[in-house]
Amino acid sequence: GECVDKLSEYIGQHQGNSGGVHLVAATAMSNAYGLARRLQVPIVTPQFVDECWKRCRVMPCGDFKTACFAGTVVCITGFTDISTRKRFEQVVGAQGGRYQGELNTNVTHLVAKRKEGPKYEYAKEQKIR
């Protein structure tokens, strides 16, 4: 229909031009997400596609950017200061992730102050990032 034609025309006009390229990602857990960040390609949520479809035009990315910790569960080790731990929790939560004090197989990322200790060794064994 008309919407498909409008969006196809837009994509055709912007092929090979970074202005028309977006990565659609619900989480930050893929290699494509990392590559898109390095290439400064906008990374948007699936809701971006829905809104573009509903409005028959490409929308600004602002409200649809995929948060940098989306889909992650972060644990930290070696940081004894309570305010530092609270700050990690706030930043991770604000950027779409979940902070967890206990290290288990639900954790996707461990932030370690030093490359040593039981949490660090467990994370290596479990291939936690």
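A few points on the structure.

Thoughts on the overall build of the protein
- Looking only at helices and strands, one finds five helices and five strands in the protein.
- In sequence order, the protein lays out its α and β elements as α-β-α-β-α-β-α-β-β-α.
- Per-residue burial over the protein gives 31% buried out of 129 residues.
- Counted over contacts in the protein with a minimum sequence separation of 6, partners at least 24 positions apart contribute 49%.
- On the protein, roughly 8600 Å² of surface is accessible, and the fraction owed to carbon and sulfur atoms is 51%.

Focus on the side chain of T77
- As for its placement among the helices and strands, T77 is situated in strand 3 (residues 73-77).
- Judged by its relative accessible area of 17%, T77 falls in the buried class.
- If near-sequence neighbours (up to four positions away) are discounted, T77 is found in contact with L110, V111, A112, K113 and K119.

Describing the pairing of strand 3
- Among the five residues of strand 3, five are classified as buried, and the element is accordingly described as predominantly covered.
- Here strand 3 shows a buried face lined by V73, C75 and T77 and a second buried face lined by V74 and I76.
- Bridge count for strand 3 against strand 4 (residues 98-99) is two bridges, and the pairing is parallel. Note on strand 4: the bridge partner recorded for V73 is R98.
- With respect to chirality, the unit in which strand 3 leads through helix 4 (residues 82-94) into the neighbouring parallel strand 4 is right-handed.
- Relative to strand 5 (residues 109-112), strand 3 runs parallel, the two being bridged by four bridges.

Structural notes on unusual backbone geometry
- Even without being a glycine, C56 presents a positive backbone phi close to 55°.
- Position of C56 relative to the elements: it lies in the loop between helix 3 (46-55) and strand 3.
- Look at C56 and you get partly exposed, because its relative accessible area is 24%.

Some details on the side chain of T108
- Mapped onto the fold, T108 is located in the loop between strand 4 and strand 5.
- Under the relative-accessibility criterion, T108 is labelled buried at 18%.
- Of the polar contacts made by the side chain of T108, one reaches the side chain of H109; its length is 2.9 Å.
- If we ignore the near neighbours within four places in the chain, the residues touching T108 are M29, G71, T72, V73, I128 and R129.

Some thoughts on the packing of aromatic side chains
- If you walk through the whole model with that rule in mind, you get two aromatic pairs.
- Taking the centre distance of 5.2 Å and the plane angle of 55° together, the rings of F79 and F88 count as tilted.
- Judged by its relative accessible area of 22%, F88 is partly exposed.

Considering helix 3
- For helix 3, the complete set of buried residues consists of F48, E51 and C52. Down the axis of helix 3, the buried set is contained in an arc of 100°. They therefore lie on one face.
- Within two residues after helix 3, C56 carries a phi angle of roughly 55°, on the positive side.

Thresholds, definitions, all that
Residues numbered from 1 in each chain as written. Predicted model: local features only at pLDDT ≥ 70, side-chain atom pairs only at ≥ 80, totals over all residues. Heavy atoms only, no water. Helix = DSSP H or I, 4+ residues; strand = E, 2+ residues; numbered from the N terminus. Buried < 20%, exposed > 50% of the residue type's maximum accessible area, 1.4 Å probe, protein only. Contact = heavy atoms within 4.5 Å. Areas by Shrake-Rupley, 256 points an atom, 1.4 Å probe, with all protein chains shown as cover. Pairing = 2+ DSSP bridges. Right-handed = clockwise from strand over helix to strand, strands pointing away. Polar contact = N/O pair within 3.5 Å; in protein donor to acceptor, adjacent residues only side chain to side chain. Phe/Tyr/Trp six-rings, centres within 6.5 Å; stacked < 30°, edge-to-face > 60°. Arc of directions from axis to C-beta.

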